[in-house]
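Each chain, written out:
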Amino acid sequence: MASVDILGGITNTQAVLGAAGLSHGDIPDDRLMLSGVEDDLQLNLYSKLPTYQALVDAGEASGASPAEKMMALAIKNYAKWFLAALLCSRWNAIVQLKTDGKTRADRFDRMDLTAMQANAEAQRDRAWALIVGMLPEDQKPTVVTFTPFGISSPTTDPVTDLEE
């Protein structure tokens with residue numbers, strides 16, 4: 001079965017479906033592409049790693065170093081798992097097919113879609129951690145975190161509800 005390239009060949013529909021544990025019969029390539037996965041992937045890669053395309057191009061160039069080739073491979077691996085996780089999170093795309101005659105109806109009754117989604121998301125996170133580990137220190141993305149704990153100084157007595 002021929003597959004459709006996604007985002008210029010960074011991954012393809014069959015790699016995504018295979019990572020999700022699905023097949024072309026479960027979700028046809030044209031349906032997968034019409035769901036906008038290419039846009040989702042491009043936005044995600046750009047927001048996480050704005051230089052992703054240059055890194056992939058450098059890794060695919062003739063004379064690329066082993067480190068450049070591995071970075072390109074890591075980005076392609078992340079793209080596959082990102083889209084598999086995205087596809088798994090869109091349960092309606094999978095479940096809807098259970099009654100349209102293209103798949104066996106009982107197959108989806110036995111699948112744990114929550115576990116399927118959790119597995120794909122875990123693989124996506126591992127793939128992203130690999131990319132971050134391969135980046136030079138000055139190019140690693142920074143993550144801003146919020147700490148919900150702080151010091152509170154009430155202006156009223158909680159027992160009497162009077163100003164102190």
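Residues numbered from 1 in each chain as written. Predicted model: local features only at pLDDT ≥ 70, side-chain atom pairs only at ≥ 80, totals over all residues. Heavy atoms only, no water.

Chemist: Mind showing me how you'd approach helix α1 (residues 13-20) here?
Modeler: Buried within α1 we find Thr-13, Val-16, Leu-17, Ala-19 and Ala-20. An end-on view of α1 places all buried positions within 160° of arc, on one side of the element. Where α1 begins, the side chain of Asn-12 points an oxygen toward the backbone nitrogen of Gln-14, at a separation of 3.1 Å. One or two residues past the end of α1 sits Gly-21, with phi positive at roughly 80°. (Buried < 20%, exposed > 50% of the residue type's maximum accessible area, 1.4 Å probe, protein only. Helix = DSSP H or I, 4+ residues; strand = E, 2+ residues; numbered from the N terminus. Arc of directions from axis to C-beta. Polar contact = N/O pair within 3.5 Å; in protein donor to acceptor, adjacent residues only side chain to side chain.)

Chemist: What should I look at first to understand the pattern of salt bridges in this one?
Modeler: Between side chains of opposite charge, a pair can form when the charged atoms approach closely. All chains considered together, the criterion is met by 2 salt bridges. With its nearest N and O atoms 2.3 Å apart, the salt bridge here joins Lys-76 to Glu-60. Of this pair, Lys-76 sits in helix α5 (residues 66-89) while Glu-60 sits in helix α4 (residues 52-60), placing them 16 residues apart in sequence. Residue Lys-76 is classed as partly exposed on the basis of its relative accessible area, which comes to 24%. A relative accessible area of 48% places Glu-60 in the partly exposed class. (Salt bridge = Lys/Arg side-chain N within 4 Å of Asp/Glu carboxyl O.)

Chemist: Sorry, what's going on with the nonpolar core here?
Modeler: A general trend in soluble globular proteins is that nonpolar side chains are found buried together. Counting 35 residues, the largest nonpolar core has Leu-41, Leu-45, Ile-75, Leu-83, Leu-87 and Ile-131 as its most contacted members. Among the secondary structure elements, those contributing two or more residues to this core are α1, α3 (37-48), α4, α5 and α8 (113-134). Looking at this core element by element, the count peaks at 13 residues for α5. (Core = buried A, V, L, I, M, F, W, Y, C linked by side-chain atoms within 4.5 Å.)

Chemist: Help me out: how do you make sense of the packing of aromatic side chains in this one?
Modeler: To describe a pair of aromatic rings, you give the distance between the ring centres and the angle between the ring planes. The final tally for this structure, using the stated rule, is 2 aromatic pairs. On the basis of an interplanar angle of 55° and a centroid distance of 5.4 Å, the ring pair of Tyr-78 and Trp-128 is categorised as tilted. Separated by 50 residues along the polypeptide, Tyr-78 in helix α5 and Trp-128 in helix α8 bring together distant segments of the chain. The rings of Tyr-78, Phe-82 and Trp-128 are connected pair by pair, giving a single aromatic cluster. Between Lys-48 and the ring centre of Trp-128, over which it is positioned, the NZ or CZ distance is 4.4 Å. (Phe/Tyr/Trp six-rings, centres within 6.5 Å; stacked < 30°, edge-to-face > 60°. Lys NZ or Arg CZ within 6 Å of the ring centre and 35° of its normal.)

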